[in-house]
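Letter by letter, the chains look like this.
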Amino acid sequence: MIDKIDVGIIGSGIFGASTAFHIARDTKLNVALFEKHDENTWLDAGSSGRSASIVRHNYSTDLMIKSAVKSHNIFKNFKKEVGEPIEFINNSYLGIVADKKLNALKNIVKRVQSFGINAVFLSPEELKEKHPYLNVEGVTGAIHNLDASYVYDPQEPLRIYAKQAQNFGAKFYYNTKVTGIKTSNNSVKSIVTDKGEVKVNYVLNCTGPWASEIGKMINVDIPVIAQRQQLVDVLPDKKWGLTRPTFSDHEQQVYVRPMRGGIAHCGGHYFGSECNPDKYNQGVDNEFILDVMKKISLRIPSLKGAKVVKGYSGLYENTSDTYPIVGEMEELNGFINCVGWSGHGYKHGPMFGILLKELIETGKPSLDIDFLGLKRFETGKLIKTAYGVNAPYG
Ligand SMILES: Cc1cc2nc3c(=O)[nH]c(=O)nc-3n(C[C@H](O)[C@H](O)[C@H](O)COP(=O)(O)OP(=O)(O)OC[C@H]3O[C@@H](n4cnc5c(N)ncnc54)[C@H](O)[C@@H]3O)c2cc1C
């Protein structure tokens, strides 16, 4: 293992891999990435590889809209931007609300339109006319984001970012767990791993659901908790096409996106208790299947009784305001977080790789990320989004 590097990244999820790529390709800095899982298991180990990887733009903050737009363009042109193509499918996104979130939704539609995104507000009548398979009873409105898409296989961009980063000179150390961080004079000095120690100028914490463990190494509370989220694939009688819109019920907090073979990939935002990211149940519970399918088939009756094909679980990495923690720590020079994406980070991986590269290279990222700092959890000035806490729609 090398003994000195400019930038040491911990974790090869979408944020670590994308940032390693941009630093290696676009700067003169040396970068190394440390990933505790081995070369056979890393793609499936974190949140990224188990993501539903839906790329929509409806957010209530300018930063998230701009980031989603830029990331979308990178996903869409992955061969040109990163070096190899991915399967990125433009199927659009339908998000419905009932009474209490209607005004928030209308404002979000106007906001995303002002960024040039092809999105419209639909009344319940318009929704029924355009999407007759939906039960719109009690629905007060919907957003139809026609530009929204999804990455078919969430592991594909990870693999390509990691490969291309290494082609541009980044060093990737798999099966290498970071166990400590040494500091002196309020600056990071080295990363300690189970394979040796490396002197660094910057440490980038991209450990998703494991973020708080890294915090303990520097005696800082990084308030990210790992929560298990389940997904179930069902096969309805009438097969689900790959370009069928992603459907999201913002009231019941459930969603469905297409999969190959006519399958509907169904999930929800269930906020259960904290779990150990190294030791959680990666399967799917009957209780969840019954609940999520009841909620989804209330809106899409044709999914009632659909055959269950398989299911699995992944981890959300939640903060208390569902916004991520990004930026250099005020008390520790050179220590940068990009964690706590609360179940909606995948779509931001490409752009935040660029922003983190800019932060390290120039100290000034091209989009303002200051409000994402860790300090807000100390001051209590949490980020308020249109839908409120516990709805990771931003
Ligand atoms: C079921 C599910 C559905 C989702 N759907 C969507 C969606 O549709 N759209 C969307 O935008 N987002 C979605 N998300 C959220 C998104 O996937 C995450 O926000 C994002 O992938 C987080 O990426 P990350 O790089 O921060 O973390 P991760 O992908 O978890 O990567 C962290 C890495 O750090 C490594 N690591 C941890 N500790 C150490 C250590 N000590 N030493 C070395 N390595 C370490 C881990 O092994 C892991 O590989 C979903 C998430 C889940 C679970």
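Residues numbered from 1 in each chain as written. Predicted model: local features only at pLDDT ≥ 70, side-chain atom pairs only at ≥ 80, totals over all residues. Heavy atoms only, no water.

Around the ligand, 39 residues are found, and the nearest of them are Glu35, His37, Ser47, Ser48 and Glu317. In this structure, Ser48 approaches the ligand through a side-chain N or O atom, which is 2.5 Å from an oxygen atom. In the model, an oxygen atom of the ligand is placed 3.1 Å from a nitrogen or oxygen of the Tyr346 main chain. Expressed as a share of its isolated accessible area of 1,000 Å², the protein-covered part of the ligand is 98%. Of all the elements in the fold, those that place two or more residues in the shell around the ligand are α1 (14–26) and β17 (307–318). The element contributing the most residues to the shell around the ligand is β17, with 4 residues. For the shell around the ligand, a count of residues per class yields 17 nonpolar, 16 polar and 6 charged. For the shell around the ligand, the two domains that each supply at least three residues are domain 1 (4–53 + 155–223 + 321–379) and domain 2 (91–148 + 225–318). (Near = heavy atom within 4 Å. Polar contact = N/O pair within 3.5 Å; in protein donor to acceptor, adjacent residues only side chain to side chain. Areas by Shrake-Rupley, 256 points an atom, 1.4 Å probe, with all protein chains shown as cover. Helix = DSSP H or I, 4+ residues; strand = E, 2+ residues; numbered from the N terminus. Nonpolar A, V, L, I, M, F, W, Y, C, P; charged D, E, K, R; others polar. Domains from an automatic or database assignment.)

In this section: unusual backbone geometry. The backbone of Asn185 sits at a positive phi, close to 50°, despite the residue not being glycine. Note that Asn185 resides in the loop between β10 (178–184) and β11 (187–193). For Asn185, a relative accessible area of 73% translates into the label exposed. With a phi angle near 55°, Ser342 is a residue other than glycine that sits in the positive phi range. By the element assignment, Ser342 lies in the loop between β19 (335–339) and α9 (349–362). With a relative accessible area of 0%, Ser342 lands in the buried category. (Buried < 20%, exposed > 50% of the residue type's maximum accessible area, 1.4 Å probe, protein only.)

What follows is about the packing of aromatic side chains. In this description, an aromatic ring pair is defined by two values, namely the gap between the centres and the angle between the planes. Within this structure, the stated rule accounts for 15 aromatic pairs. Ring centres of Phe172 and Tyr174 lie 6.0 Å apart, and the angle between their planes is 50°; on these two criteria the pair is classed as tilted. By the burial criterion, Phe172 is buried, and Tyr174 matches it. Measuring from centroid to centroid gives 6.5 Å for Phe271 and Tyr316, while their planes differ by 55°, and the two rings are tilted. (Phe/Tyr/Trp six-rings, centres within 6.5 Å; stacked < 30°, edge-to-face > 60°.)

Bringing the side chain of Arg376 into the picture now. Relative to the helices and strands, Arg376 is located in helix α10 (residues 375–379). Those residues in contact with Arg376 that lie beyond four places of it in its chain are Thr319, Asp321, Tyr323, Pro324, Ile325, Phe371, Lys381, Leu382 and Ile383. (Contact = heavy atoms within 4.5 Å.)

A few words on the sheet that holds strand β16 (residues 263–268). Strand order in the open sheet formed by 8 strands is β6-β7-β5-β14-β15-β16-β13-β17, and the pairing between neighbours is mixed. For this open sheet the edge positions go to β6 (119–122) and β17, each flanked by a neighbour on one side alone. Direction aside, neighbouring strands of the sheet carry axes that sit 20° apart on average. Where strand β5 (residues 93–97) lies against strand β14 (residues 246–249), 4 bridges are found, and the strand directions are parallel. Looking at the pairing, Gly95 lines up with Ser248 of β14. (Pairing = 2+ DSSP bridges. Axes fitted to C-alpha atoms, helices over the stretch in contact; angles between N-to-C directions.)

Turning next to the UniProt feature "domain: FAD dependent oxidoreductase" (unreviewed entry) in the protein chain. Mapped onto this numbering, the UniProt entry gives "domain: FAD dependent oxidoreductase" (unreviewed entry) at residues 6–358. Between the end C-alpha atoms of residues 6–358 the distance is 14 Å, and the span holds 27% helix and 30% strand. (UniProt positions renumbered as here; feature names shortened; annotations may be inferred.)

A separate point is the sheet that holds strand β8 (residues 149–151). Strand order across the open sheet formed by 3 strands is β3-β8-β4, with antiparallel pairing between neighbours. Pairing within the sheet leaves two strands with one partner each, and these edge strands are β3 (54–55) and β4 (88–90). Pairing analysis gives 3 bridges linking β4 to β8, with the strands arranged antiparallel. Bridging across to β8, Phe88 finds its partner in Val151. Helix α2 (residues 62–76) contacts β3, β4 and β8 of the sheet and is inclined by roughly 115° relative to β4.

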